[in-house]
Amino acid sequence: MRKGYIQNGKLIATVTTHSIILNAVLMFTNSSSSKPRISDLLTEKTLLCLLKSNMTNIVDWFEHIKKDVQIAIGFEFLCLLPCMAISLFSLVTMILASVVAYSDRNLSFGDFLSRIPKSCLRTLVTLFHLIPFTAAVVWQIDLVISLIEKSCYGLQAFGKAEGLVKGKRLHGFTLTLLHK
């Protein structure tokens, strides 16, 4: 039993270290690549404020700034995808390592690694099914509130529905499944 505890402790330490390193590299890459872009935008804004020439130059500067902003937004969106992938990977590996450690099973590192892709896929499928259902619960209660209470509608009804559902999402999820 002691050997399994030490082996599982090493597994959790390895998974945690890899998760921290991957997230740190991603954050460093994202921040170091977006700093020059932000600096350029600030420089262009300053030059635009100082520019007191004809209207065509100002329009050209605005078009240039608009393109830079579009590129920056596109790049941030592209950085979002690896961030989500690393977050999913970290979540799945931490849960798997915790399950292995808690159950006191001996699992080789190769077997552990072989479980990760299928677990990531199952987690994604669950998330894509769960998010619409939980949003649907709030939305359905929102509609009921807006019909029952004459002075409560729109965002106010949504906020009230969110408050009613808080802490009871599993019940609402079950009711939504039974309803469909």
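The structure presented is a predicted model; accordingly, all values stated were derived computationally and were not measured.

What to know about the overall build of the protein
Each helix and strand in the protein was counted, giving five helices and zero strands. Counted from the first residue to the last, the protein has its helices and strands arranged as α-α-α-α-α. Of the contacts made within the protein by residues no fewer than 6 positions apart, 62% connect residues no fewer than 24 positions apart.

Section: the side chain of Ser119
With respect to the element layout, Ser119 can be found in helix α3 (residues 109-148). Excluding residues that lie within four positions of it along the chain, Ser119 makes contacts with Val92 and Leu96.

A look at the state of the cysteines
As enumerated under the stated definition, the model contains zero disulfides in all. In this model Cys83 remains outside any disulfide bridge; the closest cysteine sulfur is found in Cys79, 8.8 Å from its own.

Thoughts on the nonpolar core
Most often, soluble globular proteins have nonpolar side chains that are buried together. Counting residues in each nonpolar core, the largest one holds eleven residues, listed as Leu11, Val15, Leu88, Val92, Leu96, Ala97, Val100, Leu107, Phe112, Ile116 and Cys120. Among the secondary structure elements, those contributing two or more residues to this core are α1 (2-50), α2 (55-103) and α3. Sort the elements by how many residues they give to this core and α2 lands first, with five residues. Within the second largest apolar cluster, seven residues are counted, among which are Val138, Ile145, Ala161 and Val165.

Some details on a positive patch on the surface
A surface patch of like charges, here positive, comprises Arg105, Arg115, Lys118 and Arg122. Tracing the sequence through the fold places Lys118 in helix α3. On the basis of relative accessible area, Lys118 is assigned to the exposed category, the value being 57%.

Quick look at helix α4 (residues 155-165)
Residues of α4 that are buried include every one of Ala157, Ala161 and Val165, and no others. One face of α4 carries all of its buried residues, which in axial projection span an arc of 70 degrees. Facing away from the buried side of α4 by over 90 degrees, the exposed positions are Leu155 and Gln156. Phi turns positive one or two residues past the end of α4, at Gly167, with a value near 85 degrees.

Quick notes on the confidence of the model for the protein
With 79% of its residues at a pLDDT of 70 or more, the protein shows a mean pLDDT of 77. Mean pLDDT per element in the protein: helix α5 (residues 169-179) is the minimum at 68, and α4 is the maximum at 84.

Focus: the environment of His18
In this structure, His18 sits in helix α1. When its relative accessible area of 46% is taken as the criterion, His18 is described as partly exposed. On a C-alpha basis, the gap between His18 and Thr93 in space is 9.7 Å, while along the polypeptide they are 75 residues apart.

About the cut-offs
- One numbering rule holds for all chains: residues counted from 1, following each sequence as written.
- Whole-chain, interface and lining totals are the exception, using all residues; otherwise, since this is a predicted model, local features are given only for residues with pLDDT of at least 70 and side-chain atom pairs are given and counted only at 80 or more.
- Where side-chain values are given, they derive from all heavy atoms of the structure, hydrogens and water being excluded.
- Labels follow the DSSP assignment, with helices taken as runs of H or I lasting at least four residues and strands as runs of E lasting at least two, numbered in each case from the N terminus.
- Any two residues whose heavy atoms approach within 4.5 Å are treated as being in contact.
- What counts as a disulfide here is a pair of cysteine sulfur atoms lying within 2.5 Å.
- The term nonpolar core refers to a set of buried residues drawn from Ala, Val, Leu, Ile, Met, Phe, Trp, Tyr and Cys, joined through side-chain atoms within 4.5 Å.
- Under the scheme applied here, a residue whose accessible area is under 20% of the maximum for its type counts as buried, over 50% as exposed, and between as partly exposed, the area being computed with a 1.4 Å probe on protein chains only.
- Patch criteria: residues need more than 30% relative accessible area and no salt bridge. Like-charged residues are merged within 9 Å; nonpolar side chains of Val, Leu, Ile, Met, Phe, Trp and Tyr are merged within 5 Å.
- Per-residue and other accessible areas were derived by the Shrake-Rupley procedure at a 1.4 Å probe size, with only the shown protein chains allowed to occlude residues.
- Basic side-chain nitrogens of Lys or Arg form a salt bridge, by our definition, when they fall within 4 Å of a carboxyl oxygen of Asp or Glu.
- We treat Lys and Arg as the positive residues and Asp and Glu as the negative residues; His and chain ends play no part in the count.
- The atom standing in for a charge is NZ when the residue is Lys, CZ when it is Arg, CG when it is Asp and CD when it is Glu.
- In this description, one arc is meant: the one made by directions from the helix axis to the C-beta atoms.
- Here pLDDT means the predictor's own confidence in every residue, given as a number from 0 to 100.

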